[in-house]
Amino acid sequence: MSLSLENSPLLGSQIITAARSKHKQNQSHNKSELRKSMILVMLVSTACIFLLMVLPRNRKSEFNLQQTLNEDTSAFQKTANRLTEELLADLNTSAKRHTHQIPLYAKVQTLSFQIYTGGAPAYILDDNDNVVKQNEECINLNSYGLPEDTSELDLQCYLGLDDTAEDVTRRLTIMRDAVNRAYDISDPDETTLKIFLAPEFFFRGKNGAFEFSNEEYEESIGACSDICHILKGLENIVAEKRFENWLFLFGTVIGSEKLPKKDHYDYQFYNFAPLYKGFNPATSKRIGKNFIVPKRYVSNIDFLTPLRHLTNRSIAMELLDETDPSVSATLMNPHLVGHKRYDNEMWAKYKDELSSLGYTMIEYGWFYMDGIAFSVEICLDHLVHRALMTYMADVVTGSKTRVPSSANDSVEWVGIPRHQAQISLVSSAGMDVVVASLALANGGHIFLQDGMDGNTPAQTTYGTDECQPNEYEFFGGSQCVKRTAVVSATDVTFEYEHNLNFTDYAVYFDRKWEDVVEGIFSKESYEPRLTVYDPVDIALVEHGDVST
């Protein structure tokens with residue numbers, strides 16, 4: 001599919017320049033019309049006052065002053081009311097054009113979904129006789145592998161069902177259970193934005209990824225692929241009136257796409273986060289509600305290195321049936337062969353198609369939602385300062401980068417905010433909040449949800465890292481950190497506050513959670529739960545510093 005400059009506002013400067021020029025012309029035209037309306041009101045008011053003062057003196061003695069005053073006053077009020085209504089309508093229309101500058105919410109409450117999304121351990125310690133035994137979750141699976149740079153004792157397997165459609169349905173059911181539980185325990189105040197945050201790798205599958213199907217084949221049989229099934233299922237979850245004041249980051253989807261054998265890599269790899277704003281389907285057109293957030297950098301723990309690619313397999317040889325064709329089905333580890341970035345060119349190639357499906361791509365890690373400035377990162381992207389580096393590069397290149405701003409069933413393309421993010425979101429598996437990566441406005445908050453550290457208690461240390469002796473470090477499966485700037489005559493610094501005002505809730509308080517996650521997520525980890533933070537103030541910023 002050919003992609004022209006005109007139909008992709010993020011691919012070139014010409015469309016950006018044209019859009020900015022048109023926007024400025026619209027601003028100038030609006031101001032001119034408002035001035036005309038105000039001058040007209042003043043002229044009409046002056047004329048009416050003049051008539052009230054002069055006409056009685058030129059009329060006959062039977063002139064009825066009270067009747068004349070009533071008539072003139074009534075006529076004046078009708079004219080003034082009509083002009084006032086037009087003026088207010090113009091002002092309201094102008095305001096709607098800049099809804100990214102008018103926040104709808106004063107507070108934010110994050111409800112973080114803690115569930116283990118890593119590989120299941122191949123061997124576990126038997127609590128009864130204190131001996132190591134094979135984990136029954138991995139029996140009869142061939143998806144064994146190792147996270148890169150680990151020992152054979154860390155051998156894991158991917159979990160999932162042979163029937164991938166059923167696998168997706170089970171994962172969507174668990175996600176819906178968590179969302180429903182979150183709603184029941186959330187702050188009901190409509191001026192509080194609720195954010196549901198899930199960890200990386202929630203949608204992964206038994207071979208390490210769900211495969212992108214051939215679109216022509218899908219159309220020919222009228223089918224919906226696994227990834228299509230995931231997106232439609234998530235769309236259905238958020239399409240309820242009760243979620244109008246909710247933002248959802250549903251972890252990430254791992255996808256793969258087969259390539260011709262002549263390619264050095266057997267597959268292309270994708271890791272992306274589906275992000276949604278809840279809405280009322282009876283009143284909303286769903287425009288500006290669905291987003292895709294691609295991950296840029298491949299981590300050494302994003303994929304297991306399959307045993308077939310290892311030279312030393314002594315500890316696991318007995319686990320594999322190498323005559324089984326499924327041995328070769330487990331995806332290779334792209335990081336191991338130097339594939340350090342995800343193949344995000346696909347997203348740019350199909351940007352128009354995503355738009356036609358109602359999705360907007362957040363390719364730079366920045367966006368506005370209802371007037372609030374956000375940054376969003378996936379795991380390693382946070383460690384390598386993706387949002388911050390984008391912000392800095394945008395500043396030194398003249399603030400030409402355009403990011404989506406969603407409000408009132410519409411999407412505009414605006415500049416990255418000079419005040420940085422009021423709220424930052426991170427979905428991860430094996431990551432903590434990194435001070436050096438923050439791109440927060442004064443008083444802004446970052447929320448991180450991890451898929452591997454749910455058993456780690458929330459805590460903060462300072463100066464314990466020999467490589468960074470003057471840095472804060474934050475730990476915990478769910479993390480919320482506030483950054484405040486301090487400027488004095490003698491010093492400029494940032495202060496950090498690890499928010500510990502939260503309550504943990506079990507997702508499955510009325511049934512055995514092990515039965516729910518069996519075959520999809522490991523039971524040898526920790527119970528799925530929600531970490532619900534008390535509402536906090538959204539950082540106040542000057543909304544005039546957004547370049548449009």
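Residues numbered from 1 in each chain as written. Predicted model: local features only at pLDDT ≥ 70, side-chain atom pairs only at ≥ 80, totals over all residues. Heavy atoms only, no water.

With that out of the way, let us pick up empty space enclosed by the protein. Across all of its chains, the model carries 3 cavities of 30 Å³ or more by this definition. What the largest cavity holds in volume is close to 90 Å³. Contributing to the lining of the largest cavity are T117, G118, G119, Y158, L159, R171, F201, R204, G205, I520, F521 and S522. Considering only residue class, the lining of the largest cavity consists of 5 nonpolar, 5 polar and 2 charged. (1 Å grid on protein atoms, 1.4 Å probe; cavity = no way out; pocket = protein on both sides within 12 Å on 5 of 7 lines; lining within 4 Å. Points joined across faces, edges and corners; volume = space filled by probe spheres on them. Nonpolar A, V, L, I, M, F, W, Y, C, P; charged D, E, K, R; others polar.)

A separate point is the side chain of N245. Assignment of secondary structure puts N245 in the loop between α5 (226-238) and β9 (246-250). Judged by its relative accessible area of 18%, N245 falls in the buried class. Of note is the side chain of N245, whose polar atom sits 2.9 Å from the side chain of Y105. Beyond its immediate sequence surroundings of up to four residues, N245 is in contact with Y105, E190, T192, L193, K194 and K277. (Helix = DSSP H or I, 4+ residues; strand = E, 2+ residues; numbered from the N terminus. Buried < 20%, exposed > 50% of the residue type's maximum accessible area, 1.4 Å probe, protein only. Polar contact = N/O pair within 3.5 Å; in protein donor to acceptor, adjacent residues only side chain to side chain. Contact = heavy atoms within 4.5 Å.)

Okay, the packing of aromatic side chains next. Throughout the structure, instances matching the rule amount to 23 aromatic pairs. Pairing F113 with F202 gives two aromatic rings, centres 6.1 Å apart and planes at 50°, and the pair type is tilted. Separated by 89 residues along the polypeptide, F113 in strand β1 (residues 107-114) and F202 in the loop between β7 (192-198) and β8 (210-211) bring together distant segments of the chain. This pair shows no difference in class: F113 is buried, exactly as F202 is. The rings of F113, Y183, F196, F202, F203, F243, W246, F248, F250, Y276, Y359 and F521 are connected pair by pair, giving a single aromatic cluster. Positioned above the aromatic ring of F201 is the side chain of R204, whose terminal nitrogen or guanidinium carbon lies 4.4 Å from the ring centre. Directly above the ring of F494 sits R483, whose terminal nitrogen or CZ lies 4.0 Å from the centroid. (Phe/Tyr/Trp six-rings, centres within 6.5 Å; stacked < 30°, edge-to-face > 60°. Lys NZ or Arg CZ within 6 Å of the ring centre and 35° of its normal.)

Moving on, we get to the environment of N236. Following the sequence through the fold, N236 ends up in helix α5. Between the alpha carbons of N236 and G278 there is a distance of 9.8 Å; along the sequence they are 42 residues apart.

With that out of the way, let us pick up the nonpolar core. Grouped together as the largest cluster of nonpolar side chains are 48 residues, with contacts concentrated most on F113, M175, F196 and F250. Among the elements that take part in this core, helix α3 (residues 164-184) stands out by supplying 7 residues, more than any other. F250 has contacts with M175, V179, F196, A198, F203, L234, I237, V238, P274 and Y276, leaving out every residue within four places of it along the chain. A273, M369, L425 and F447 belong to the second largest nonpolar core, which has 38 residues in total. (Core = buried A, V, L, I, M, F, W, Y, C linked by side-chain atoms within 4.5 Å.)

What follows covers the state of the cysteines. Tallied over the full model, the rule gives 2 disulfides. Here C138 engages in a disulfide with C157; their sulfurs sit 2.0 Å apart. Given an S-S torsion of about -80°, the disulfide between C138 and C157 has left-handed geometry. Here C157 lies in strand β6 (residues 156-157) and C138 lies in the loop between β4 (132-134) and β5 (144-147), a separation of 19 residues in the sequence. Across the pair, exposure class does not vary: C138 and C157 are buried alike. Each sulfur in the disulfide pair C224 and C228 lies 1.9 Å from the other. The chirality of the disulfide connecting C224 with C228 is left-handed, given an S-S dihedral of about -105°. Taking only the cysteines that form disulfides and numbering them from first to last, the protein chain has the pattern 1-2, 3-4. (Disulfide = S-S within 2.5 Å.)

Closest axis-to-axis distance for the α3/α5 pair is 10 Å, and the angle between their directions is 20°. Taken together, the axes of α3 and α5 are roughly parallel relative to one another. You can see that α3 and α5 cross each other, and the crossing is right-handed. Packed against α3, whose contacting residues are T164, A165, V168, T169, L172, M175, R176 and V179, the element α5 presents D226, H229, I230, G233, L234, N236 and I237 at the interface. Taken together, the residues of the contact of α3 with α5 break down into 8 nonpolar, 5 polar and 2 charged. (Axes fitted to C-alpha atoms, helices over the stretch in contact; angles between N-to-C directions. Parallel < 35°, antiparallel > 145°, perpendicular 65-115°, else oblique. Left-handed = near helix turned anticlockwise from the far one by under 90°.)

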